[in-house]
Amino acid sequence: MRLFLLLVTGSLAILFNHFYHVTYNDLSQWKGGGMGMFATQDAPGTRVVSIMLETPEQSFIANNQALGRSLAHFNAMPTADNLLSLCRFASNKVWLPSGTVRTVTLNDQTLRSYPVAGLSGDKTSSHQPLTVTAAQLVAWKTSLNVPTGTLTRTPLGSAHWNNTEGCRVKH
């Protein structure tokens, strides 16, 4: 009898945990199947994080591929806590100019070119670190509106870092 009650309680806890994440953390709805039904994310590849680094001389766009697990963790579960963790992780890195330029679409849909900053493991980075005074992380989710054929960007939050205040998250 105890084993049965433990099994039912555990199953209900998993079910309520799933519905919590569906409601608050952009987890996909249950689709049936095995235990993987509770871990399926709603297309984490559609989530984008842009990191702008400010130096006294100019702005850089960060090569966020170098952020590895911290970025992957945020993309899998885009919560404010995970964005704060990503901000802290990015602010503790030593950024280096990589010598390349990337053109990006800004929030007002204009194009702008920025030099790229990478980490010490990047093959294209120079060996002179940047003096980063501020950083801004902006996260959004892209999705295709099938009836209209347009791409939409849904904000997932933003984080700001500077030397005096540390990381702050805005939702």
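Residues numbered from 1 in each chain as written. Predicted model: local features only at pLDDT ≥ 70, side-chain atom pairs only at ≥ 80, totals over all residues. Heavy atoms only, no water.

Asker: So, the overall build of the chain: which residues are in play, and what are the values?
Answerer: For the chain, the count of helices and strands is three helices and seven strands. When each of the 171 residues of the chain is scored for burial, the buried share is 37%. Accessible surface, the chain: about 10,800 Å² in total, of which carbon and sulfur atoms supply 58%. (Helix = DSSP H or I, 4+ residues; strand = E, 2+ residues; numbered from the N terminus. Buried < 20%, exposed > 50% of the residue type's maximum accessible area, 1.4 Å probe, protein only. Areas by Shrake-Rupley, 256 points an atom, 1.4 Å probe, with all protein chains shown as cover.)

Asker: Which residues make up the packing of aromatic side chains, and what values go with them?
Answerer: Taken as a whole and assessed by the stated rule, the structure comprises zero aromatic pairs. A cation over an aromatic ring shows up here: R153 above the ring of W140, its NZ or CZ 4.0 Å from the ring centre. (Phe/Tyr/Trp six-rings, centres within 6.5 Å; stacked < 30°, edge-to-face > 60°. Lys NZ or Arg CZ within 6 Å of the ring centre and 35° of its normal.)

Asker: Provide a residue-level description of the side chain of S91, including the pertinent values.
Answerer: Looking at the secondary structure, you find S91 in helix 3 (residues 80–91). Look at S91 and you get buried, because its relative accessible area is 19%. In contact with S91, other than residues within four places in its own chain, are W161 and C167. (Contact = heavy atoms within 4.5 Å.)

Asker: Explain the confidence of the model for the chain residue by residue, including any values.
Answerer: When the pLDDT values of the chain are averaged, the result is 80; 80% of them are 70 or greater. By mean pLDDT, the top-scoring element of the chain is helix 3 (92), and the lowest-scoring one is strand 3 (residues 96–105) (79). (pLDDT = per-residue confidence, 0-100.)

Asker: Outline a nonpolar patch on the surface, listing residues and values.
Answerer: Nonpolar side chains collect at one region of the surface, where M1, F4, L5, V8, L12, L15, F16 and F19 lie side by side and expose about 820 Å² of accessible area between them. Looking at the element boundaries, F4 is found in helix 1 (residues 2–24). (Patch = residues over 30% accessible without salt bridge, like charges linked within 9 Å, V, L, I, M, F, W, Y side chains within 5 Å. Salt bridge = Lys/Arg side-chain N within 4 Å of Asp/Glu carboxyl O.)

Asker: Just give me the short version of the state of the cysteines, but keep the residues and values in it.
Answerer: Counting across every chain of the model gives one disulfide. Between the sulfur atoms of C87 and its disulfide partner C167 the distance amounts to 2.3 Å. Between C87 and C167 the disulfide shows an S-S torsion of about -90°. By sign, it is left-handed. In this pair, C87 sits in helix 3 while C167 sits in strand 7 (residues 166–170), placing the two residues 80 residues apart along the sequence. Neither residue differs from the other here; C87 and C167 are each classed as buried. (Disulfide = S-S within 2.5 Å.)

Asker: Break down the packing of helix 2 (residues 68–76) against helix 3 for me, citing the residues and quoting the values.
Answerer: Closest axis-to-axis distance for the helix 2/helix 3 pair is 9 Å, and the angle between their directions is 160°. Compared by their axis directions, helix 2 and helix 3 come out roughly antiparallel. Classified by chirality, the crossing of helix 3 by helix 2 is left-handed. Where helix 2 approaches helix 3, its residues S70, L71, H73 and F74 are matched on the opposing element by N82, L83, S85, L86 and F89. The residue inventory of the contact of helix 2 with helix 3, partitioned by class, reads five nonpolar, four polar and no charged. (Axes fitted to C-alpha atoms, helices over the stretch in contact; angles between N-to-C directions. Parallel < 35°, antiparallel > 145°, perpendicular 65-115°, else oblique. Left-handed = near helix turned anticlockwise from the far one by under 90°. Nonpolar A, V, L, I, M, F, W, Y, C, P; charged D, E, K, R; others polar.)

Asker: Residues and numbers for the pairing of strand 6 (residues 150–162), please.
Answerer: As paired elements, strand 5 (residues 134–145) and strand 6 share twelve bridges and run antiparallel to each other. Residue pairing across strands places K141 opposite T154, the latter belonging to strand 6. In textbook terms, the turn of a hairpin is the stretch between consecutive antiparallel strands, and for strand 5 and strand 6 this stretch comprises four residues, one of which, G149, has a positive phi near 70°. Both strand 6 and strand 7 contribute to a ladder of five bridges, which runs antiparallel. Residue W161 lies in a different strand from strand 7, and its bridge partner there is C167. A loop of three residues connects strand 6 with strand 7, the two strands running antiparallel in sequence. (Pairing = 2+ DSSP bridges.)

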